[in-house]
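Letter by letter, the chains look like this.
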Amino acid sequence: MSEASNAPADVISDLRKLGLTEYEARVYFQLLCASPATAYEIAKAANLPRPNTYNALESLVQRGAVLPVSESPARYVAAPPEQFLESVARRTSTLCTAITSRLKDVARPIDDQYVWTLRGVTNVHDKIASLIDGSQESLMIKASDEILRRHTDSLRAAAERGVEMLMVLFASDVSEFRFGPNCKVYSHEGNGVRMGKTDNLFTIAADHVEMVTAQILEVVVAVHTRNEPIVTMAESLVRHDFYMAEIFQRFGPQIDDAFGPYLRDLRLACFTPAQADSFRLKTGIRD
């Protein structure tokens, strides 16, 4: 007799995203937990109606997710997850390629002037990854080290194919992001102290034609565009922070004497009260 299993809701939800029905997902999960098993044993262990279990098993066999291993009575085993999911990935990739080819013939070109909004951690980081992976000439990035670290492998691969990188990071030690001679990395203003709200932004421009700026807070939201003036503005942001980092490296003590530590006098002269409070909290400056 099969052992009863309580399928996690997130696993069932993910399997359904791959095209399985609720019953198919629960039957497959049950068989992963206890195989071989008859339809009766599966239905009882997973608390499923027997007619739905039979239908789900028939569909799963056709998908290659379940294999019948005996007759009279028929018993089933689940295909290993890596085998089943690799098969799903191949079929999905083939289908997407075929559909893309057919739809390209009727799709109107997208105006590069549009600014697209992206929401959610996965969507935003997928777009950032696509810019890094697709870059051929240059990447310009301003971000915190903890967020950028998610894309270390993609950045290293970009460096290996010769992409020039300029990065200004909210981090005191940026050595882990120096991937080669074409990679220039700086701590923001020479010290990497997180300042204002920009420390929660991830800005990346790729090949001078495309950019993403993401706000990484409790709610992750980003904008993506190929609009030339906006891409130029994003690159200008990173470039000027690069200038500042170089200037701080050479003239740091003189700058502190003139404007106070962390550009205190300049910042407090134009910050909102909330920004001023955040500045004092992050720097420890009270005067």
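Scroll up for the structure.
How each quantity is defined
- All chains use their own residue numbering, which begins from 1 and follows the written sequence.
- Local features are withheld for residues below a pLDDT of 70 in this predicted model, meaning they are given only at 70 or higher, and side-chain atom pairs are given and counted only at 80 or more; totals for whole chains, interfaces and linings count all residues.
- The side-chain numbers reported here are obtained from all heavy atoms of the structure, hydrogens and water having been left aside.
- The working definition used for a salt bridge is a side-chain nitrogen of Lys or Arg within 4 Å of a carboxyl oxygen of Asp or Glu.
- Remark: exposure states derive from per-residue accessible area (1.4 Å probe, protein chains only) relative to the maximum for the residue type, with buried under 20%, exposed over 50%, and partly exposed in between.
- For the purposes of this section, nonpolar cores are sets of buried Ala, Val, Leu, Ile, Met, Phe, Trp, Tyr and Cys residues that join through side-chain atoms within 4.5 Å.
- Where helices and strands are cited, they refer to DSSP runs of H or I of at least four residues and of E of at least two residues respectively, numbered from the N terminus.
- Throughout, a residue-residue contact means that at least one pair of heavy atoms, one from each residue, lies within 4.5 Å.
- Classification of ring pairs uses Phe, Tyr and Trp, with its six-membered ring standing for Trp, and accepts pairs whose centres are within 6.5 Å; under 30 degrees between planes counts as stacked, over 60 as edge-to-face, and the remaining range as tilted.
- Patch membership is restricted to residues that have no salt bridge and whose relative accessible area is over 30%. Joining uses 9 Å for like charges and 5 Å for the nonpolar side chains Val, Leu, Ile, Met, Phe, Trp and Tyr.
- In these tables, accessible area is a Shrake-Rupley quantity obtained with a 1.4 Å probe, and a residue counts as shielded only by the protein chains included in the view.
- By definition here, a helix of n residues has an expected span of 1.5 Å times n minus one.
- In this description, strands pair whenever DSSP reports at least two bridges between them.
- Only protein atoms enter the 1 Å grid used here. Points where a 1.4 Å probe fits but cannot escape make up a cavity, open sets with protein on both sides within 12 Å along at least five of seven lines make up a pocket, and a residue lines them when an atom lies within 4 Å of a point.
- Grid points are joined across faces, edges and corners, and a volume is the space filled by probe spheres set on the points.
- Residues are grouped as follows: Ala, Val, Leu, Ile, Met, Phe, Trp, Tyr, Cys and Pro are nonpolar; Asp, Glu, Lys and Arg are charged; every other residue, Gly included, is polar.

Trainee: What am I meant to see in the pattern of salt bridges here?
Mentor: If charged atoms from side chains of opposite charge come close, those side chains can pair. Scanning the entire structure with this criterion turns up 14 salt bridges. Residues Arg16 and Glu22 are paired through a salt bridge, measuring 3.1 Å at the closest nitrogen-oxygen approach. Assessed through its relative accessible area of 27%, Glu22 is described here as partly exposed. The residue Asp145 makes a salt bridge to Arg149 at a minimum N-O spacing of 3.4 Å. The class of Arg149 is partly exposed, set by a relative accessible area of 37%. What you see here is one network of salt bridges that share partners, running through Arg16, Glu22 and Arg26.

Trainee: Explanation requested: the nonpolar core in the structure shown.
Mentor: A general trend in soluble globular proteins is that nonpolar side chains are found buried together. By size, the foremost hydrophobic cluster in this structure holds 31 residues, and its most contacted members are Leu139, Leu155, Met167 and Phe202. A total of four residues in this core trace back to one element, the largest contributor, which is helix 6 (residues 121–134). Leave out the neighbours within four places in its chain, and Met167 touches Ile141, Leu148, Leu155, Phe177, Phe179, Cys183, Lys184, Val185 and Tyr186. Counting residues in each nonpolar core, the second largest holds 24 residues, with Ile12, Ile42, Phe84 and Val88 among its members.

Trainee: What's the story with the packing of aromatic side chains in this structure? I'm lost.
Mentor: Both the distance between ring centres and the angle between the ring planes are used here to describe each pair of aromatic rings. By the definition in use, this model includes six aromatic pairs. With a centroid separation of 6.2 Å and an interplanar angle of 70 degrees, the aromatic rings of Phe271 and Phe279 are classed as edge-to-face. A relative accessible area of 0% means that Phe279 is categorised as buried. Aromatic ring contacts, followed pair by pair, group Tyr186, Phe242 and Tyr243 into a single cluster.

Trainee: Is there a simple way to think about a nonpolar patch on the surface in this case?
Mentor: The grouping of Leu95, Ile99, Leu103 and Val106 at the surface amounts to a nonpolar patch, some 380 Å² of accessible area in total. Among the secondary structure elements, Ile99 is positioned in helix 5 (residues 81–104).

Trainee: Whenever I open this one, the side chain of Ser187 confuses me. Can you help?
Mentor: Within the secondary structure layout, Ser187 lies in strand 6 (residues 183–187). Sequence-distant contacts of Ser187, defined by excluding residues within four places in its chain, comprise Leu169, Ala171, Ser172, Asp173, Val174, Gly192 and Ala245.

Trainee: What should I look at first to understand helix 5 in this one?
Mentor: Note on helix geometry: an α-helix contains 3.6 residues per turn, so any two residues three or four positions apart are oriented the same way. Helix length check: helix 5, at 24 residues, gives a terminal C-alpha distance of 34 Å against a target of 34 Å (1.5 Å per residue), a fit within 8%. Three or more residues of helix 5 are buried, namely Phe84, Ser87 and Val88. Looking at the packing, one finds that the buried side of helix 5 touches helix 2 (22–33) and helix 4 (50–63).

Trainee: Quick question: what am I supposed to make of the pairing of strand 9 (residues 220–225) here?
Mentor: Sheet faces and side chains relate simply in a regular strand, where the side chains alternate between the two faces. Here strand 3 (residues 115–119) pairs with strand 9 via five bridges, running antiparallel. The residue of strand 9 that forms the bridge with Leu118 is Ala222. In the sheet, strand 8 (residues 210–216) pairs with strand 9 via six bridges, with the strands oriented antiparallel. Paired with Gln215 across the strands is Val221, a residue of strand 9. Counting the residues in the hairpin turn of strand 8 and strand 9 gives three residues.

Trainee: For this particular structure, what's the right way to read the layout of surface pockets?
Mentor: Where empty space is left becomes clear once a probe the size of a water molecule has been rolled over the atoms. Space inside the largest pocket adds up to approximately 230 Å³. Taken together, Ser138, Leu139, Met140, Glu164, Met165, Leu166, Pro181, Asn182, Lys184, His208, Arg239 and Phe242 make up the full set of residues lining the largest pocket. Put simply, the parts of the chain that give the lining of the largest pocket at least two residues each are strand 4 (138–144), strand 5 (164–170) and helix 9 (228–259). Tallied by class, the residues present in the lining of the largest pocket amount to six nonpolar, three polar and three charged.

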